[in-house]
Amino acid sequence: MPHDLPKAYDPTAIEDHWAAYWVRDNLFAQPTPSETEGPDGQSPFTILLPPPNVTGRLHMGHMLNQTEMDILTRWRRMSGRRALWLPGTDHAGIATQMMVERKLAEEGTSRQQLGREAFIARVWEWRREYGGAILDQMKRLGASVDWNREYFTMDERLSVAVREAFVKLHEQGLIYRGAYIVNWCPRCQTAISDLEVVYDEHKGHLWEIRYPVIDDAGNDTDEFLTVATTRPETMLGDVAVAIHPEDERYTHLHGKKLRLPLVNRTIPIILDEWVSRDFGTGAVKVTPAHDPNDFALGQRHDLPSISVMDETAHINAEGGVYAGLDRYVARKKIVQDLEEQKLLAGVKDHTNNVGHCDRCKTVVEPRLSLQWFVKIQPLADRAIQAVKEKHIKFTPEMYEKTYLNWMENIHDWCISRQLWWGHRIPAWHCSACRKITVARVDPTTCAHCGSASITQETDVLDTWFSSGLLPVSVFGWPDLPGVLKTGAPGPSHLGTWESAGDRADAALSRADFDAFYPTSLLVTGFDILFFWVARMIMLGCWFAADVPMPDGRPRALADSVPFREVYIHALVRDANREKMSKTKGNVIDPIEIVKQYGTDAVRFTLASMASPGTDIAFNVARTEGYRAFANKIWNAARFIFMNVDRAAEVGIKVDSSALGSMPSAAPDDPLEARWIVAELHATAAKVNRSLEDYRYDDAANTIYQFFWGSFCDWYLEIVKLRLDFSETADKSKTHAALTTLVSVFEAALRLLSPFMPFITEEIWHAVYDGRPPEKSIALMTYPPAQGVIEVRAQIEMESLQSLITEIRALRKEIGCDEKTATPVEVRGGGDFRRLSEGNRDIIARLARASELRFVEQISAGLSMRHTPAFDVAVVYEATIDVPAERDRLTKDIARYEKGLTAAARQLGNEGFVAKAPAHIVEGLKKQEAETRLLLEKAQAALSALPQTNSKG
């Protein structure tokens, strides 16, 4: 006897239990394989979780991303693929350091006071205490990841990969150190990449400043050269003013010099074709240390670079009397002084885009700084080729163009960050010879001069450098035979080895790499397309190319890519399609919604609205609806279990061996049995196709329509006729009906399982009375797309449904009491009559028809419905509103006539008929014939109406 289900569905009562069970029993663990193929010859399905920041908490974007990945992973696993979903977290250099520094400030101390070593120890302590919160949330939400393979980007094993990548790129001449203009965040006090800068429109000013022209003796003349700037504080670092060589306004100034206002430094007027003669005054101040374009100008003209700001955006000693002032305080003072000296020519309102640090929102300062860079073009070329040659597919396709456009205009990647938390750059500076040693193993002496006076670089690597390596590093790179250089460090507990190929764990890593690389799919958001996706493609194609194929062949580009497909999901917006933000107060906390409606309802809401390229307008009302859907399934299960129990009492049992596969029906089975089996097969085929195309919405809605409509609303009501447990009943028929009912329900649970894993797990275990064939429904076979669909059963059932629906509508229309069964008159063809006669019991039960009368003509005075297949009327002793019926029929006739006119116009157009596809023309002809038949029936019914109200 199946386990009893509580009367009321309570998601909180079951979700915690199953979430813990899945983790405790390692149900989704994927051990290192001995082969590269699944049991049925399919390649593994491997997917990498975009690692959330260790500081993070689950938001709606995470929930969408993880719901989509979990649906696909569960579906692929149930479809026979060896499915591996790898979880992990990112050390999030800037975010984590800010978090811990904030905590230290509350304690009245700082990282500087602690010192680097103690601070890093404190960060690790914080990570152990709080860093797993978002993964704990994932566990609670049932993500079917392999928790045995959980990684952290600062793990020892991954740290080996990061160091190897840096050293290897440096050996290849692709990493260099130099002074360049970078985006500098004064709050985080580190360089940040272009991608980490967010631009907002600001209403500011354009200050026009007069620079005195001086003579050969260095004295001011009566002439000035006016320049315009939005950042007057940077003028303290000006080293020249540039004009276009062909600008006729200034040809007389060629070779002249200027006095820099306030600073009184002599600076040259230089000629450069880069200057636009049409913008502003046509004269441009040149500040190489504080503007990327000016830096390039300075390089071309061999100009010095004078940095006038420190790390906190305060004016430094180069700023003279303004030293120590914040940049904005200095700006006000400089403008005031210029005005007093009559060197301010004007001030104009000006709107421009101002860059802000994406992390702390501070205005970014372009700053000349000594940084480490990757010479990115060779890596980018290979990554561009991989996409152009279709080794990686983007969905939606438009993102391929976006990716290529960015990659083809890429700049060298600044990979150094002025932080303490992160992967410290493996470079050592020698105070003796001033050269740099880059090494896999911490050196004790300089590689160039042998001096022991060496100190390690204080900068750490950009977080995206380590996360960009994840597709290769999580599968053991570089700890693979023939990859890691002799004498390189392994994880600290293993020390240094001579040959990675000689070690057992290297062999295991190799097996992982061979089986799971490249990964199958990446599911992510557009916001990290360049941050992460592009960098994974560049680094993956570059480093995996050195790993031979399992048979020893060199690895081609097609097998070096980090993933075969990239699916970019859309944004989750609020119900009004507004972007969620704390400022607007419209942020939805998924955990709170889950507490209210259950995980399954929230997952199904997201899935039902997820389609490639379309944003999701999350509406709690839909979640309420899917909570009701879960309740409908729960009640259906309770009804089924009740009947299984009743059957057992009279010796009828469902053989569990009939479950777990796709049900079938015999030609002599009742119509509803053949129909529901056909509907199940058709639904499975459509759901599988939809998931292949990432149409989560179509897949979810197809399952919803089957479960709520076909199964619950129709089949369950009909099957009640067959579940006869009386002594005189035919037990074989009852057994057949019960077997079909339970087997279809069990298969439907498997169909729904990837979308609603908790409720399906609970009910599925109850179906098997706690003795299931597998530990979880998630390990069962997914209903496949293959299977013969009995179309005839679907057509016949559709005809019966149409008749029942029309009878129900008529009963409601004439005010028939819901509990009162009434006679029904039907006029239809021979095939329809035979179908209806053979299923009188279904019509009687579902349409409350006490009698089914087949007539040549519907009795006069009865309100009737017309379809191409039949006319139907309900015989009910109640007043028929003849004027209302006449009005309804008149409107129907007008509608039919309008339809015939339109059809005649289209079919009479020879050009349209000649060009339109044949099936379109045939469809129009069929529609015209059906409309003509309905028109004739409506006209006949109108003529048959009495002239006054009557009783029928």
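Residues numbered from 1 in each chain as written. Predicted model: local features only at pLDDT ≥ 70, side-chain atom pairs only at ≥ 80, totals over all residues. Heavy atoms only, no water.

Caption draft 1: Examining the overall build of the chain more closely. Summing up its helical and strand segments, the chain has 28 helices and 31 strands in all. Taking the principal axes of its C-alpha atoms as reference, the chain extends roughly 120 × 70 × 60 Å. Looking at the chain as a whole, 54% of its 952 residues are labelled buried. Pairs at least 24 apart in sequence give 78% of the contacts found in the chain among residues at least 6 apart. In the form shown here, the chain has an accessible surface area of approximately 42000 Å², with 49% of it arising from carbon and sulfur atoms. Once the 110 positive and 129 negative side-chain charges of the chain are each reduced to a mean point, those two points are 2 Å apart. (Helix = DSSP H or I, 4+ residues; strand = E, 2+ residues; numbered from the N terminus. Buried < 20%, exposed > 50% of the residue type's maximum accessible area, 1.4 Å probe, protein only. Contact = heavy atoms within 4.5 Å. Areas by Shrake-Rupley, 256 points an atom, 1.4 Å probe, with all protein chains shown as cover. Lys, Arg positive; Asp, Glu negative; His and termini not counted. Charge placed at Lys NZ, Arg CZ, Asp CG, Glu CD.)

Caption draft 2: Fine view of the side chain of serine 520. Here serine 520 lies in strand S22 (residues 519–525). Look past the residues within four positions of serine 520 in its chain and what remains in contact with it is Pro44, Phe45, Thr46, Arg81, Arg564 and Glu565.

Caption draft 3: Fine view of the pairing of strand S1 (residues 45–48). Both faces of S1 are covered, namely the face carrying Phe45 and Ile47 and the face carrying Thr46 and Leu48. Here four bridges tie S1 to strand S2 (residues 83–86), and the two strands are oriented parallel to one another. Across the sheet, residue threonine 46 finds its bridge partner in S2, namely leucine 84. Each parallel crossover has a hand, and the one from S1 via helix H2 (residues 60–78) to S2 is right-handed. (Pairing = 2+ DSSP bridges. Right-handed = clockwise from strand over helix to strand, strands pointing away.)

Caption draft 4: Spatial organisation of the packing of aromatic side chains. What the rule picks out here adds up to 40 aromatic pairs. The interplanar angle of 20° and the centroid separation of 4.7 Å between the aromatic rings of phenylalanine 513 and tyrosine 517 together place this pair among those described as stacked. Take phenylalanine 513: its relative accessible area is 0%, and that puts it in the buried class. Cluster of aromatic residues (ring-pair linked, three or more members): Phe604, Tyr626, Phe629, Tyr704, Phe706, Phe707, Trp708, Phe711, Tyr715, Phe745 and Phe755. The positively charged end of arginine 74 is found above the aromatic ring belonging to tryptophan 22, 4.8 Å away from the centroid. Across the ring face of tryptophan 413, the terminal group of arginine 535 is positioned such that the distance to the ring centre comes to 4.2 Å. (Phe/Tyr/Trp six-rings, centres within 6.5 Å; stacked < 30°, edge-to-face > 60°. Lys NZ or Arg CZ within 6 Å of the ring centre and 35° of its normal.)

Caption draft 5: Spotlight on unusual backbone geometry. Here the bond from threonine 395 into proline 396 is cis, since omega is -5°, no more than 30 degrees from zero. Inspection of the secondary structure puts proline 396 in the loop between strand S15 (393–395) and helix H11 (398–407). Residue tryptophan 477 is joined to proline 478 through a cis peptide bond whose omega torsion reads 5°. With respect to the helices and strands, the residue proline 478 is situated in the loop between helix H13 (470–473) and helix H14 (504–516). Not every positive phi belongs to a glycine, and leucine 262 is a case in point at roughly 70°. Tracing the chain through its elements places leucine 262 in the loop between strand S10 (257–259) and strand S11 (266–271).

Caption draft 6: Main features of empty space enclosed by the protein. Counted under the stated rule, the structure contains five cavities of 30 Å³ or more. Empty space within the largest cavity amounts to approximately 80 Å³. As for the largest cavity, its lining consists of Met63, Gln66, Thr67, Asp70, Met138, Leu141, Gly142, Ala143, Thr599 and Arg603. For the lining of the largest cavity, the secondary-structure elements that each account for two or more residues are H2 and helix H17 (599–608). Of the residues assigned to the lining of the largest cavity, the class counts are four nonpolar, four polar and two charged. (1 Å grid on protein atoms, 1.4 Å probe; cavity = no way out; pocket = protein on both sides within 12 Å on 5 of 7 lines; lining within 4 Å. Points joined across faces, edges and corners; volume = space filled by probe spheres on them. Nonpolar A, V, L, I, M, F, W, Y, C, P; charged D, E, K, R; others polar.)

Caption draft 7: Structural view of the pairing of strand S5 (residues 175–185). Taken together, the ten bridges between S5 and strand S14 (residues 365–374) define a ladder with antiparallel strand orientation. If you follow glycine 178 over to S14, its bridge partner there is glutamine 371. Summarising the sheet, S5 and strand S6 (residues 190–192) pair through three bridges and their orientation is antiparallel. Following the sheet pairing, asparagine 183 is matched in S6 by isoleucine 192. Linkage of S5 to S6, two consecutive antiparallel strands, is achieved through a turn of four residues, within which glutamine 189 is found at a positive phi near 55°.

Caption draft 8: Representation of the nonpolar core. Phe707, Phe711, Phe755 and Ile763 are the most contacted members of the largest nonpolar core, which has 132 residues in total. Tallying contributions element by element places helix H20 (residues 696–719) first for this core, with 13 residues. Once residues lying within four places of it in the same chain are set aside, the contact partners of phenylalanine 707 are Phe629, Ile633, Cys712, Phe745, Ala748, Leu749 and Leu752. With 69 residues, the next largest nonpolar core counts Leu48, Leu158, Phe475 and Phe563 among its residues. (Core = buried A, V, L, I, M, F, W, Y, C linked by side-chain atoms within 4.5 Å.)

Caption draft 9: View of the sheet that holds strand S27 (residues 849–854). Pairing in this open sheet of four strands is mixed, and the strands run S27-S26-S29-S28 from one edge to the other. A single partner strand is all that each edge strand has here, and the edge strands are S27 and strand S28 (864–866). For this sheet the average axis-to-axis angle between neighbouring strands, irrespective of direction, equals 20°. The sheet contact formed by strand S26 (residues 822–828) and strand S29 (residues 870–874) spans five bridges and is antiparallel. (Axes fitted to C-alpha atoms, helices over the stretch in contact; angles between N-to-C directions.)

Caption draft 10: Expanded view of the pattern of salt bridges. Across all of its chains, the model carries 63 salt bridges by this definition. We note a salt bridge from aspartate 272 to arginine 300, for which the minimum N-O separation is 3.1 Å. Here aspartate 272 is found in the loop between S11 and strand S12 (283–286), whereas its partner arginine 300 is found in helix H8 (residues 292–301), with 28 residues between them in sequence. Take arginine 300: its relative accessible area is 48%, and that puts it in the partly exposed class. Through salt bridges with shared partners, one network takes in Glu806, Glu813, Arg865, Glu885, Arg888, Asp892 and Arg895. (Salt bridge = Lys/Arg side-chain N within 4 Å of Asp/Glu carboxyl O.)

Caption draft 11: Quick peek at the packing of helix H18 (residues 620–649) against helix H21 (residues 731–752). Here H18 crosses H21 at 150°, and the two axes come no closer than 11 Å. In terms of axis orientation, H18 runs roughly antiparallel to H21. H21 is crossed by H18, and the crossing has left-handed handedness. Two secondary-structure elements touch here, H18 through Phe629, Ile633, Ala637, Ile640, Asn643, Val644 and Ala647 and H21 through Leu738, Leu741, Val742, Phe745, Leu749 and Leu752. (Parallel < 35°, antiparallel > 145°, perpendicular 65-115°, else oblique. Left-handed = near helix turned anticlockwise from the far one by under 90°.)

Caption draft 12: Here's a closer look at helix H23 (residues 791–813). Between its terminal C-alpha atoms H23 stretches 33 Å, which fits the 33 Å expected from 23 residues at 1.5 Å a residue. Glycine 815 sits one or two residues past H23 and shows a positive phi near 75°. (Expected span 1.5 Å × (residues − 1).)

Caption draft 13: Examining the packing of H17 against H20 more closely. Closest axis-to-axis distance for the H17/H20 pair is 7 Å, and the angle between their directions is 120°. Compared by their axis directions, H17 and H20 come out oblique. Of the residues in H20, those in contact with Phe604, Ala607 and Ser608 of H17 are Tyr696, Asp697, Ala700, Asn701 and Tyr704. In the contact of H17 with H20, the residues fall into five nonpolar, two polar and one charged.

Caption draft 14: Highlighting the side chain of serine 466. Residue placement: serine 466 occurs in helix H12 (residues 463–468). Discounting residues that sit within four places of it in the chain, serine 466 has contacts with His91, Thr153, Val162 and His423.

Caption draft 15: Up close: the sheet that holds strand S20 (residues 454–456). Spatially, three strands are ordered S19-S18-S20 in an open sheet, and the strand pairing comes out antiparallel. Each edge of the sheet is formed by a strand with only one pairing partner; in this case those strands are strand S19 (436–438) and S20. Going from strand to strand, the sheet's axes swing by 30° on average, the running direction of each strand aside. Examined bridge by bridge, strand S18 (residues 427–430) and S20 share three bridges and lie antiparallel to one another. Directly across from tryptophan 428, in S20, lies its bridge partner glutamine 456.

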